[in-house]
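Chain and residue survey
Here is what each chain is made of, one letter per residue.
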Amino acid sequence: MLYWCTTGRPVADCTALADVIATHGLPRLETLYLSGNYFGAEGMQALAQGLGSGALLSLTLLDLLNNNIGEAGASALGAALARGAVPRLQSLELGGNGLGSAGLIALAPGLRARPQLKKLDLEGNGIGDDGVAALVAPGEGVLPSLEGLWLRFNQVGDALSLIHISEPTRQAEMGGGG
């Protein structure tokens, strides 16, 4: 586990971490906590390059809460996931990053490339119906293992009817307002 949270990491630190990741310096890392660093899109783009290198094959949890990665950071992360980054990822925490619908639309193909994903936190990102619809678009693949989806504090309305978390043990917190 690497816990590197709430320290206000600058982009240079993200680049350094990405270099360590890319050189397979953390081969058995299963959990990576980077929440509350506010490194923005540029920091996320640097991290996505490291993640996309085929390293972190054991990573199952990636916590990126409250880093202000925005649409550009979400797009970089989505591209890395679509290329096969972090193949064992089961939990992705992206709340409070200002993704917006456009960010989720860019991220969705990469998320769908992770059918084993069990937890997805998207709270407080300014996501609307079009973003959620892109995530669960018919014919585009599904997230069959999803057990928890957090969408509170977004602008989601009608798209909630598209989301099916069918087993009683699964949970969804999908309040639209906030």
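**Quick notes on the overall build of the protein chain**
From N to C terminus, the protein chain includes five helices and seven strands. Evaluated residue by residue, the protein chain yields a buried proportion of 49% over its 178 residues. Accessible surface, the protein chain as shown: approximately 7700 Å² in total, 53% of it carbon and sulfur.

**With respect to the pattern of salt bridges**
Tallying each qualifying case throughout the model produces two salt bridges. Lys119 serves as the salt-bridge partner of Glu93, at 2.9 Å between the closest nitrogen and oxygen. With Glu93 in strand E4 (residues 91–93) and Lys119 in strand E5 (residues 119–121), this pair connects stretches of sequence that are 26 residues apart. Judged by relative accessible area, Glu93 falls into the buried class, the value being 9%. Since its relative accessible area comes to 27%, Lys119 is described here as partly exposed. Its salt-bridge partner being Glu123, residue Arg152 comes within 2.6 Å of it at the nearest N-O pair. Residue Arg152 is located in the loop between strand E6 (148–150) and strand E7 (171–173), and its partner Glu123 is located in the loop between E5 and helix H5 (129–135); the two are separated by 29 residues in the primary sequence.

**A word on the packing of aromatic side chains**
Ring pairs (aromatic) are described by centroid distance and by the angle formed between their planes. Inspection of every chain in the model, using the stated rule, returns one aromatic pair. Consider the rings of Tyr3 and Tyr33, whose centres lie 5.9 Å apart with planes at 50°: the pair is tilted. Of this pair, Tyr3 sits in strand E1 (residues 2–3) while Tyr33 sits in strand E2 (residues 31–33), and the two are 30 residues apart along the sequence. Residue class for Tyr33 comes out partly exposed when judged on its relative accessible area of 21%. Sitting over the face of the ring of Trp150, Lys119 holds its NZ or CZ atom 5.3 Å from the ring centroid.

**Let's talk about the confidence of the model for the protein chain**
Regions with low pLDDT carry predicted coordinates that are not meant to be interpreted in detail. When pLDDT is averaged along the protein chain, the result is 89, and 88% of the positions lie at 70 or above. Here residues 166–170 is a poorly scored stretch, pLDDT under 50, and it has five contacts once near neighbours within four places are set aside; other chains count.

**Comments concerning unusual backbone geometry**
Despite not being glycine, Tyr38 has its phi angle at roughly 55°, a positive value. Structurally, Tyr38 can be placed in the loop between E2 and helix H2 (40–51). Notably, Phe153 is not glycine yet its phi reads approximately 60°, a positive angle. Assignment of secondary structure puts Phe153 in the loop between E6 and E7. Phe153 gets classed as partly exposed once you look at its relative accessible area, which sits at 45%.

**Here we look at the side chain of Arg114**
Structurally, Arg114 is set in the loop between helix H4 (100–112) and E5. In this structure the side chain of Arg114 is engaged in a polar contact, spanning 2.9 Å, whose partner is the backbone oxygen of Leu81. In this structure Arg114 touches Leu81, Gly84, Ala85, Val86, Pro87, Leu89 and Leu143, once residues within four positions along its chain are discounted.

**A closer look at the packing of H2 against helix H3 (residues 70–82)**
Where H2 meets H3, the closest approach of the two axes is 8 Å, and the angle between their N-to-C directions is 5°. In terms of axis orientation, H2 runs roughly parallel to H3. Each of Ala41, Met44, Gln45, Ala48 and Leu51 in H2 lies in contact with H3, whose residues at this interface are Ala72, Gly73, Ala76, Leu77 and Ala80.

**Points about the packing of helix H1 (residues 11–22) against H2**
Their axes nearest at 7 Å, the elements H1 and H2 cross at an angle of 5°. Put simply, H1 runs roughly parallel to H2. Residue-level contacts link Val11, Cys14, Thr15, Leu17, Ala18, Ile21 and Ala22 of H1 to Glu42, Gly43, Ala46, Leu47, Gly50 and Leu51 of H2. Tallied by class, the residues present in the contact of H1 with H2 amount to nine nonpolar, three polar and one charged.

The rules behind each value
Residues numbered from 1 in each chain as written. Predicted model: local features only at pLDDT ≥ 70, side-chain atom pairs only at ≥ 80, totals over all residues. Heavy atoms only, no water. Helix = DSSP H or I, 4+ residues; strand = E, 2+ residues; numbered from the N terminus. Buried < 20%, exposed > 50% of the residue type's maximum accessible area, 1.4 Å probe, protein only. Areas by Shrake-Rupley, 256 points an atom, 1.4 Å probe, with all protein chains shown as cover. Salt bridge = Lys/Arg side-chain N within 4 Å of Asp/Glu carboxyl O. Phe/Tyr/Trp six-rings, centres within 6.5 Å; stacked < 30°, edge-to-face > 60°. Lys NZ or Arg CZ within 6 Å of the ring centre and 35° of its normal. pLDDT = per-residue confidence, 0-100. Contact = heavy atoms within 4.5 Å. Polar contact = N/O pair within 3.5 Å; in protein donor to acceptor, adjacent residues only side chain to side chain. Axes fitted to C-alpha atoms, helices over the stretch in contact; angles between N-to-C directions. Parallel < 35°, antiparallel > 145°, perpendicular 65-115°, else oblique. Nonpolar A, V, L, I, M, F, W, Y, C, P; charged D, E, K, R; others polar.

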